[in-house]
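Observations on chain architecture
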Amino acid sequence: MNHINIQYYNSKIGELILGSFEHKLCLLDFKNRKNRASIDNRIKTALKSKYIERDCEILKQTKKQICSYLMGTIKTFDIPLLIIGTEFQKNVWNELTKIPYGETSTYLQTAKNIGNEKAVRAVANAIGANPLNIIIPCHRIIGKNGALVGYSGRIPAKKHLLGLEHTLS
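The following paragraphs examine the structure supplied in this document. Here the structure is a predicted model, which means the values were calculated and not measured.

With that out of the way, let us pick up the overall build of the protein chain. The helix and strand tally for the protein chain stands at six helices and six strands. When its helices and strands are written in sequence order, the protein chain yields β-β-β-α-β-α-α-β-α-α-β-α. The globule rule puts the C-alpha radius of gyration for 169 residues at 15 Å, and the 15 Å found for the protein chain is close to it. Seen through its principal axes, the protein chain has C-alpha atoms that stretch 45 × 35 × 25 Å.

Given below as structure tokens:
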């Protein structure tokens, strides 16, 4: 059986789990999120692999870049990614990567941007299934009334990330 290298990383926004497969990052998420098992199962099944706790160059690079991002010294990441999800999820996640640093969007706007205004709930579910937090910036999605809603790392982490980006943009 193949292996997905995982490491835990205690950041200033919470404990993260990072995973790499064949020299690409496939997981960057909050360790204690609500649907942790669902995301882990999706990744393991798609890659026909199991998690093994060991470090590798991609995970070292990721930790370094996350640290730099949270210190405000970088705004983008240059880690090779392996994005695992349905075509719809990948379409939504790709749309999230188009939201500029320091800006926000809404679930409705994201649904409109992918050409399916009525798919707001499906868009929200796809955003909630994002396995590459921060790099695929789901924290930039807010409620239509401007409220900070729904974030796997919880609202204080979302508020921290948006504050960091707004301050530095």
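Attention now goes to the sheet that holds strand E3 (residues 24-30). What the four strands build is an open sheet, ordered E3-E2-E1-E4; its pairing is mixed. Two strands bound the open sheet, and with one partner strand each, they are E3 and strand E4 (49-53). Pairs of neighbouring strands in the sheet enclose a mean axial angle of 30 degrees, with direction left out of account. As defined by bridge partners, strand E1 (residues 2-11) adjoins E4 across five bridges and the pair is classed as parallel. Of the residues in E4, the one forming a bridge with Ile 6 is Glu 53. Helix H2 (residues 57-71) contacts E1, strand E2 (14-21) and E3 of the sheet and is inclined by roughly 25 degrees relative to E1.

Computed from the structure, the largest pocket encloses a volume of approximately 170 Å³. Every residue along the wall of the largest pocket is listed here: Lys 75, Thr 76, Phe 77, Ile 79, Leu 81, Thr 97, Ile 99, Tyr 101, Ile 134, Ile 135, Pro 137 and Arg 140. Looking at the lining of the largest pocket residue by residue, the class counts come to eight nonpolar, two polar and two charged. Computed from the structure, the second largest pocket encloses a volume of approximately 150 Å³. Per-element tally for the lining of the second largest pocket: the top contributor is helix H5 (residues 120-128), with three residues. Split by residue class, the lining of the second largest pocket holds five nonpolar, four polar and one charged.

Turning our eyes to something else, we now look at unusual backbone geometry. Even without glycine at this site, Glu 22 takes up a positive phi of about 50 degrees. One non-glycine residue, Lys 48, lies in the positive phi region at around 45 degrees. Examined against the element boundaries, Lys 48 turns out to sit in the loop between helix H1 (36-47) and E4.

Cut-offs and rules
- Residues numbered from 1 in each chain as written.
- Predicted model: local features only at pLDDT ≥ 70, side-chain atom pairs only at ≥ 80, totals over all residues.
- Heavy atoms only, no water.
- Helix = DSSP H or I, 4+ residues; strand = E, 2+ residues; numbered from the N terminus.
- Rg over C-alpha atoms; globule rule 2.2 N^0.38 Å.
- Pairing = 2+ DSSP bridges.
- Axes fitted to C-alpha atoms, helices over the stretch in contact; angles between N-to-C directions.
- Contact = heavy atoms within 4.5 Å.
- 1 Å grid on protein atoms, 1.4 Å probe; cavity = no way out; pocket = protein on both sides within 12 Å on 5 of 7 lines; lining within 4 Å.
- Points joined across faces, edges and corners; volume = space filled by probe spheres on them.
- Nonpolar A, V, L, I, M, F, W, Y, C, P; charged D, E, K, R; others polar.

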